[in-house]
Amino acid sequence: MVDTTPLTRAVDHFADRLRAAPQSRLQRGAAAEALALARELARWAQRVEEPGSEPRQMPDAGMFAAADQILVAAHDLGLVLRSDSEVTEAVRLVEEARQRAGV
C-alpha cells in the first residue's frame, strides 16, 4: 500500500487556506483554481478506476464548496494511487494550484 500522507497534508493545508480566505480572494480566482484542481484529481482517479471510459466532470458547487471538493477528489485519488512517484506528482499538482490560488 502506498503512503498518501503527503497528499493528505497538502490538500488539508490548501483546504484550510481556502476556508480562511476572504470571499473577495475566492472570487478573484482562488475558488476557480481549487475547482480546476478538484476536477483534475477526479479525472485522474476515474482514468485509473475506469480505463477507457469518458471521465465525468465534477460539477461547480460554488466557491464556498471548493475546499470540500478538493478534499473529496484527493481522497478518491489517494485510494487508487499505486506508487510513491504518483503521490509526489499529486502533491506537486496541489502545491502548484495553491500557489496559483494565492492562499
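Rules used throughout
Residues numbered from 1 in each chain as written. Predicted model: local features only at pLDDT ≥ 70, side-chain atom pairs only at ≥ 80, totals over all residues. Heavy atoms only, no water. Helix = DSSP H or I, 4+ residues; strand = E, 2+ residues; numbered from the N terminus. Expected span 1.5 Å × (residues − 1). Buried < 20%, exposed > 50% of the residue type's maximum accessible area, 1.4 Å probe, protein only. Arc of directions from axis to C-beta. Salt bridge = Lys/Arg side-chain N within 4 Å of Asp/Glu carboxyl O. Core = buried A, V, L, I, M, F, W, Y, C linked by side-chain atoms within 4.5 Å. Contact = heavy atoms within 4.5 Å.

For helix α1 (residues 5-20), built from 16 residues, the straight-helix expectation of 22 Å at 1.5 Å per residue is met to within 8% by its first-to-last C-alpha distance of 22 Å. Those residues of α1 not exposed but buried are Leu7, Ala10, Val11, Phe14, Ala15 and Leu18. For α1, the buried positions fall inside an angular range of 130 degrees around the axis, keeping them on one side. In α1, the exposed positions that point more than 90 degrees away from the buried face belong to Arg9 and Ala20.

Looking now at the pattern of salt bridges. Pairing is possible between side chains of opposite charge, provided their charged atoms come close. The full count for this structure, using the stated rule, is seven salt bridges. Here glutamate 96 and arginine 92 are joined by a salt bridge, their closest N and O atoms 2.6 Å apart. Placement of the pair is glutamate 96 and arginine 92 together in helix α4 (residues 84-101), with a separation of four residues, close to one helical turn. The class for arginine 92 is partly exposed, based on a relative accessible area of 36%. Among the charged side chains, a network of salt bridges with common partners joins Asp16, Arg19 and Asp68.

General note: in soluble globular proteins, nonpolar side chains tend to be found buried as a group. Of all hydrophobic cores here, the largest spans 35 residues; its most connected members are Leu7, Phe14, Leu18, Leu41 and Ile70. Broken down by secondary-structure element, the contributors of at least two residues to this core are α1, α2 (23-49), α3 (66-80) and α4. Sorting elements by how many residues they give to this core places α2 first, with 10 residues. Beyond its immediate stretch of four places on either side in the chain, phenylalanine 14 contacts Ala34, Leu37, Ile70, Val94, Ala97, Arg98, Ala101 and Val103.

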